[in-house]
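# Structure at a glance
Next come the chains, spelled out residue by residue.
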Amino acid sequence: MEKSEILSHVDLTLLKAFASWEDIQKLCREAAALHTASVCIPPCYVKRVRSAFPELTICTVIGFPLGYSVPEAKLMEARRAIEDGADELDMVVNISDVKNHDYPAVEEEVRLMRYACGGQILKVITETCYLTREEKIRLCQIVSDTGADYIKTSTGFGTAGAALEDVRLFKEYLDPDVKIKAAGGIRTLKDMEAYLKEGCARIGSSMTMALND
C-alpha cells in the first residue's frame, strides 16, 4: 500500500490537555502537507483552526475521554462544535451505561447525537479495553441501528488501545454501511497498513514523526 494511500485514511490527532495553539498549528500544517483525512483536535480549538486552515477537514471529540457526561452536555458540545466548524465528531459512549447493560440509554444517547450531527460525520468511541466480547457486540448493534457513520475502538487514554481482533469482531457484527476507525497505540505506517487491510476506513494517530518517514 502506498504511503499516500495510508495517509489519506489518517485522522492526525492531538488531544493532550496541555496542547498549545502553537502545537495545534504545527499539527495542522503537517496534516495539510501530508494530505491526511482530517485533523482531530480539542473542541476549544475548532473555531480557530477553521479560520486559520479552511482547507482542512476538522474532527473533534465529544464527552472525551471518559464518556460519562450526561446526554444534554454532549449534545451542547456537539452543537457548539458544529457551529464552530467541525466536520466530524468522535463521541465517547457512556461506558458506565454499557457496563451496567443499560443499552436503551446507550442507544438513546447515540440517536440524539446522530440527530444533532445532521450531515456531519459521527464516530462512536467504544473504549474496547474496558468491554467484554458481548458488550462489544451489543455496541456494534447499537451503532448500526442508530445510523452512526463509524464505530471507533479507543480514545487512546484508556488502559489499552486498538487491537486487530476487535476490528475483526466489529466487521462480523456491524452493518455493512458502518465504517471502522482504529485508534490508540498505532505508531508506524506498517501498523496503519495492517489495520487498513483488516478493514478499517480511518486510523487515529498522533505519530507525526512516523508519518514523515
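Provided above is the structure to which this section pertains.
### Let's talk about the side chain of threonine 13
- Among the secondary structure elements, threonine 13 is positioned in strand β1 (residues 10–13).
- By relative accessible area, threonine 13 is classed as buried at 14%.
- In this structure the side chain of threonine 13 is engaged in a polar contact, spanning 2.7 Å, whose partner is the backbone oxygen of aspartate 11.
- When residues no more than four places from it in sequence are discounted, the contact partners of threonine 13 are Leu27, Cys40, Gly204, Ser205 and Ser206.

### Digging into the layout of surface pockets
- Its volume calculated, the largest pocket comes out at about 620 Å³.
- Forming the boundary of the largest pocket are 28 residues, of which Thr13, Leu14, Leu15, Lys16 and Ser206 lie nearest the centre.
- When contributions to the lining of the largest pocket are tallied by element, the ones reaching two or more residues are α2 (21–34), β7 (179–183) and β8 (202–205).
- Top element by residues in the lining of the largest pocket is α2. It accounts for 4 residues.
- For the lining of the largest pocket, the per-class residue count stands at 10 nonpolar, 11 polar and 7 charged.

### Observations concerning the packing of helix α8 (residues 164–173) against helix α9 (residues 189–198)
- Their axes nearest at 10 Å, the elements α8 and α9 cross at an angle of 20 degrees. Classed by the angle they form, the pair α8 and α9 counts as roughly parallel. α8 and α9 meet at a crossing whose hand is right-handed. Touching Leu164, Val167, Arg168 and Lys171 of α8 are Ala194, Tyr195 and Glu198, all from α9.
- When the residues that make up the contact of α8 with α9 are grouped by side-chain class, the tally is 4 nonpolar, no polar and 3 charged.

### Some words on the pairing of strand β4 (residues 88–92)
- Across the 5 residues that make up β4, a large majority, 5, are buried.
- Across 4 bridges, strand β3 (residues 58–62) lies against β4 in parallel orientation. Counterpart to threonine 60 in the pairing with β4 is leucine 89.
- In this fold, the crossover linking β3 to β4 by way of helix α4 (residues 71–84) has right-handed handedness.
- Taken together, the 5 bridges between β4 and strand β5 (residues 121–125) define a ladder with parallel strand orientation. Looking at the pairing, glutamate 88 lines up with isoleucine 121 of β5.

### A look at the packing of aromatic side chains
- Under the criterion given, the structure shown has 2 aromatic pairs.
- On the numbers, 5.2 Å between centres and 85 degrees between planes, the contact of phenylalanine 64 with phenylalanine 157 is edge-to-face. Of this pair, phenylalanine 64 sits in the loop between β3 and α4 while phenylalanine 157 sits in the loop between β6 (150–152) and α8; the two residues are 93 residues apart in sequence, bridging distant segments of the chain.
- On the basis of relative accessible area, phenylalanine 157 is assigned to the partly exposed category, the value being 46%.
- The side chain of arginine 48 reaches across the aromatic face of tryptophan 21, ending 4.1 Å from its centre.
- The residue whose ring lies beneath lysine 123 is tyrosine 150, and the NZ or CZ to ring-centre distance is 5.8 Å.

Here is what the cut-offs are and how they apply
- Residues numbered from 1 in each chain as written.
- Predicted model: local features only at pLDDT ≥ 70, side-chain atom pairs only at ≥ 80, totals over all residues.
- Heavy atoms only, no water.
- Helix = DSSP H or I, 4+ residues; strand = E, 2+ residues; numbered from the N terminus.
- Buried < 20%, exposed > 50% of the residue type's maximum accessible area, 1.4 Å probe, protein only.
- Polar contact = N/O pair within 3.5 Å; in protein donor to acceptor, adjacent residues only side chain to side chain.
- Contact = heavy atoms within 4.5 Å.
- 1 Å grid on protein atoms, 1.4 Å probe; cavity = no way out; pocket = protein on both sides within 12 Å on 5 of 7 lines; lining within 4 Å.
- Points joined across faces, edges and corners; volume = space filled by probe spheres on them.
- Nonpolar A, V, L, I, M, F, W, Y, C, P; charged D, E, K, R; others polar.
- Axes fitted to C-alpha atoms, helices over the stretch in contact; angles between N-to-C directions.
- Parallel < 35°, antiparallel > 145°, perpendicular 65-115°, else oblique.
- Left-handed = near helix turned anticlockwise from the far one by under 90°.
- Pairing = 2+ DSSP bridges.
- Right-handed = clockwise from strand over helix to strand, strands pointing away.
- Phe/Tyr/Trp six-rings, centres within 6.5 Å; stacked < 30°, edge-to-face > 60°.
- Lys NZ or Arg CZ within 6 Å of the ring centre and 35° of its normal.

Treat this as a map of the structure, not an account of what it does.
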